[in-house]
Amino acid sequence: MVHDPKTAANELIQRGIGEGQPLTHIEVQKLLYFWHGWMLGIHDQPLHTGFWEAWRYGPVLPEVYFSLNHHRGRPITGPIPARDEMFTEDEKSIMDVVYDYRLLGTFTLVGITHTRGGPWDQVWHGRKNSSVIGDELIRSYFAGLLSGNSTSDG
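Analysis parameters
Residues numbered from 1 in each chain as written. Predicted model: local features only at pLDDT ≥ 70, side-chain atom pairs only at ≥ 80, totals over all residues. Heavy atoms only, no water. Pairing = 2+ DSSP bridges. Helix = DSSP H or I, 4+ residues; strand = E, 2+ residues; numbered from the N terminus. Axes fitted to C-alpha atoms, helices over the stretch in contact; angles between N-to-C directions. Salt bridge = Lys/Arg side-chain N within 4 Å of Asp/Glu carboxyl O. Buried < 20%, exposed > 50% of the residue type's maximum accessible area, 1.4 Å probe, protein only. Phe/Tyr/Trp six-rings, centres within 6.5 Å; stacked < 30°, edge-to-face > 60°.

(A) Local environment of the sheet that holds strand 2 (residues 58-60). Read across the open sheet, the three strands follow the order 2-1-3; overall the sheet is antiparallel. Taken across any chain shown, the strands that pair with only one partner, and hence form the sheet edges, are strand 2 and strand 3 (131-133). Here the average twist between neighbouring strands, direction ignored, is 45 degrees.

Shown next, in the form of structure tokens:
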């Protein structure tokens, strides 16, 4: 099932709150990107509707960004308005793994999204914002990671 991006963001937000470690806006963006990428790479199925853009600090899902940007760097203490949707076991299991990426720290997560040859790197080219990172590019990159080809160029 393809979800509302805000619903997927809330799944991460609620988990952070439930564990007593609320996520920041940038952590939600990065974890959501990895969750979406692994869904595409493993199951050839997007996690959510909408599109990713290459922004200065990595991939951004604008719809989620504009719902959370008022938090700035502060922890998010509640969900954002979104549809109520259920996640499959496959989606939940990928989210469980991706959620632990938060332990790497914000700057490391940003660095990972900036990997040379990765989807963000392929479309950024020093632009300000709004360079769309297509799902096929994301799928190809994450599928390449699974096959051991971490320099997959789509």
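We are not done yet, so read on.
(B) Representation of the pattern of salt bridges in the model. Per the counting criterion, the structure on display carries eight salt bridges. For lysine 92, the salt bridge is made with glutamate 89, and the minimal N-O distance between the two is 3.9 Å. Pair noted here: lysine 92 and glutamate 89 are both in helix 4 (residues 89-99), with a separation of three residues, about one helical turn. A residue is classified by how much of its surface remains accessible, and lysine 92, at 28% relative accessible area, is partly exposed. On the basis of relative accessibility, which here comes to 59%, the residue glutamate 89 falls in the exposed class. Three or more residues are tied together by salt bridges with common partners; here these are Arg15, Glu19, Asp96, Asp100 and Arg102.

(C) A look at the packing of aromatic side chains. Here the structure, examined in full by the defined rule, presents eleven aromatic pairs. Measuring from centroid to centroid gives 5.3 Å for tryptophan 120 and tryptophan 124, while their planes differ by 20 degrees, and the two rings are stacked. Taken together, the residues span about one helical turn, with tryptophan 120 and tryptophan 124 both in helix 6 (residues 119-124) at a distance of four residues. Summarising the burial analysis for this pair, tryptophan 120 and tryptophan 124 share the class buried.

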